[in-house]
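# Fold and contact review
The chain contents come next:
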Amino acid sequence: MRNILITGGAGFIGGHVVRLMVQKYPDYRIYNLDKLTYAGNLENIADVSALPNYRFLHGDICDVEYVNRIFNEYSFEGVIHLAAESHVDRSISDPLAFAKTNILGTINLLDAFKSLWKGQWENKLFYHISTDEVYGSLGESGLFTEDTPYDPNSPYSASKASSDHFVRAYGETYGLPYIISNCSNNYGPNQFPEKLIPLCIHNIEQNEPLPIYGDGQYTRDWLFVIDHAMAIDQIFHKGEVGETYNVGGHNEWQNIDLVRLMCEMMDRKLGRKQGHSAALIHFVTDRPGHDKRYAIDATKIDKTLGWKPILTFEKGLDQTIDWYLNHKEWLTNVTSGAYRQYYNKQYQAQ
Ligand code: NAD
Ligand code: DAU
């Protein structure tokens, strides 16, 4: 038995990683440490929560005493660190919350891992999940490689860049065995509807305006979340210590084209006249410091670990829309109360 800690496993990507690891590796004990912030939801992993090799730990990665206690109690040999504040718009209104969780929380986990193993690093790994946003913004052409210099533009990406640097620094300074992966935009079931795709699915269904920032000509590279979870599994088991892997979908879309596609697909599914949902599109004030384009060169993970995305975007988006339409209760639960307040503040008078 190996004891593995996954942080942020009640969130969007973390939930899919927990499910994959618990089901695929019955001889691992998977511990899921999550604070259950607004973005954490145990319903996301209810289907695996009763399995004998899974255990939930309710706590904050910033809590020094608690984190040290669980590291000493369970002697985690591997850490897959996903817990974070993850939404760019929230980082613009509250940067400090991002610095605390994403930077201090990561350092706290690194310290606990270092204190536990005291240099006995054989078969140990700290795997840090990061984002392509640390590389900043691309122009019309080019792709982010693992050698692209860091150039973060939002408080979110600056906090993730900082946490990446700390992970690397613990490797250089203390010999702590680490891997970092930097992934492009994920989409799929269970994503909190503050992010573009689930926000639009929800608003189309509700016949509410679809807020498009600026001219809508910003480009993102979309990857299905289960493809990302499979990349994380590959990297955790086969990745080389001290390396960084870029993970992406080879799937660039301008926001406006993506939203128009979702409108067409949902009009068909909901039996509405074509053009009905596109009429909800509403251009609003741009996000400050908005990165123009992200796109990943995933050659390294393909060539060295044999990972490629499996699901086509058409199928992934179709499955995602169906999931939200079939989980209205999940959506209603997460969009009540605090979500409404956030939404009204973020999109007020637009
Ligand atoms: P999410 O916001 O859906 O989930 C984050 C989870 O972390 C939640 O369950 C939350 O409760 C938990 N959490 C937050 N603060 C915590 C704390 N102090 N202590 C313990 N738990 C805490 O995020 P996500 O979209 O699933 O992203 C997961 C990770 O992947 C993040 O590190 C993010 O930077 C990275 N990432 C996300 C994307 C994407 O497109 N969503 C792409 C690349 C990388
Ligand atoms: O690239 C990886 C990153 O992708 C992750 O690290 C982040 O955690 C994740 O949130 C995501 O960041 P983005 O800012 O790219 O995702 P978001 O869904 O917020 O926005 C996608 C694009 O859509 C972006 O160009 C902004 C735009 N947008 C977003 C919202 C919420 C709109 O036009 N309107 C909106 O209402």
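Residues numbered from 1 in each chain as written. Chains lettered and ligands numbered in written order. Predicted model: local features only at pLDDT ≥ 70, side-chain atom pairs only at ≥ 80, totals over all residues. Heavy atoms only, no water.

## Digging into the domain arrangement of the chain
Assigned domains within the chain: domain 1 (2-187 + 223-247) and domain 2 (196-219 + 252-293 + 312-344). Taken over C-alpha atoms, the centre of domain 1 sits 27 Å from the centre of domain 2. Summed over both sides, the interface of domain 1 with domain 2 buries roughly 1,600 Å², with 47% coming from carbon and sulfur. Applying the counting criterion to the domain 1 and domain 2 interface returns one salt bridge. Counting every contact that joins domain 1 to domain 2 gives 13 residue pairs in polar contact (both at pLDDT 80 or more). For the side of domain 1 that touches domain 2, the leading source of residues is helix α3 (residues 88-93), giving four residues. The class makeup of the residues in the side of domain 1 that touches domain 2 is seven nonpolar, nine polar and four charged. (Domains from an automatic or database assignment. Buried area = accessible area lost by both parts, 1.4 Å probe. Salt bridge = Lys/Arg side-chain N within 4 Å of Asp/Glu carboxyl O. Polar contact = N/O pair within 3.5 Å; in protein donor to acceptor, adjacent residues only side chain to side chain. Helix = DSSP H or I, 4+ residues; strand = E, 2+ residues; numbered from the N terminus. Nonpolar A, V, L, I, M, F, W, Y, C, P; charged D, E, K, R; others polar.)

## Describing the sheet that holds strand β7 (residues 185-187)
Strand order in the open sheet formed by three strands is β7-β9-β11, and the pairing between neighbours is mixed. Single-partner strands in this sheet number two, and they are β7 and β11 (252-254). This sheet shows a mean twist of 50° between the axes of neighbouring strands, independent of strand direction. Two strands pair when backbone bridges link them, and strand β9 (residues 219-224) and β11 are joined in this way by three bridges, in the antiparallel orientation. Residue pairing in the sheet places T219 in a bridge with Q254 of β11. (Pairing = 2+ DSSP bridges. Axes fitted to C-alpha atoms, helices over the stretch in contact; angles between N-to-C directions.)

## Side note on the packing of aromatic side chains
What the rule picks out here adds up to 25 aromatic pairs. On the basis of an interplanar angle of 15° and a centroid distance of 4.8 Å, the ring pair of Y25 and Y28 is categorised as stacked. Residue class for Y28 comes out buried when judged on its relative accessible area of 8%. Aromatic pair Y339 and Y342: ring centres 6.4 Å apart, planes at 45°, arrangement tilted. Taken as a pair, Y339 and Y342 lie in helix α12 (residues 338-347) at a separation of three residues, close to a single helical turn. Residue Y339 is classed as buried on the basis of its relative accessible area of 3%. Here K124 stacks its cationic end above the ring of W117, 4.2 Å away from the centre of that ring. The lysine or arginine in question, K292, covers the ring of Y218, its NZ or CZ lying 4.9 Å from the ring centre. (Phe/Tyr/Trp six-rings, centres within 6.5 Å; stacked < 30°, edge-to-face > 60°. Buried < 20%, exposed > 50% of the residue type's maximum accessible area, 1.4 Å probe, protein only. Lys NZ or Arg CZ within 6 Å of the ring centre and 35° of its normal.)

## Description of the pairing of strand β8 (residues 210-213)
Alternating residues of β8 divide into L210 and I212 and P211 and Y213, and every residue in both groups is buried. Strand direction decides the pairing type here: β8 and strand β12 (residues 281-284), joined by four bridges, are parallel. Each bridged residue has a counterpart across the sheet, and for P211 the counterpart in β12 is H282.

## What to know about the nonpolar core
Formed by 40 residues in total, the largest nonpolar core has its most connected members in I6, M21, I80, Y127, I235, V247 and I301. Secondary structure elements with two or more residues in this core: β1 (2-7), α1 (12-24), β2 (28-34), β5 (125-131), β6 (178-183), α7 (225-238), β10 (244-247) and α9 (299-305). When sequence neighbours within four positions are dropped, the list of residues in contact with V247 reads S181, N182, C183, S184, L223, H228, A231, I235, I296, I301 and W307. In terms of nonpolar packing, the next biggest core, distinct from the first, is built from 34 residues, I204, I256, W330 and Y339 among them. (Core = buried A, V, L, I, M, F, W, Y, C linked by side-chain atoms within 4.5 Å. Contact = heavy atoms within 4.5 Å.)

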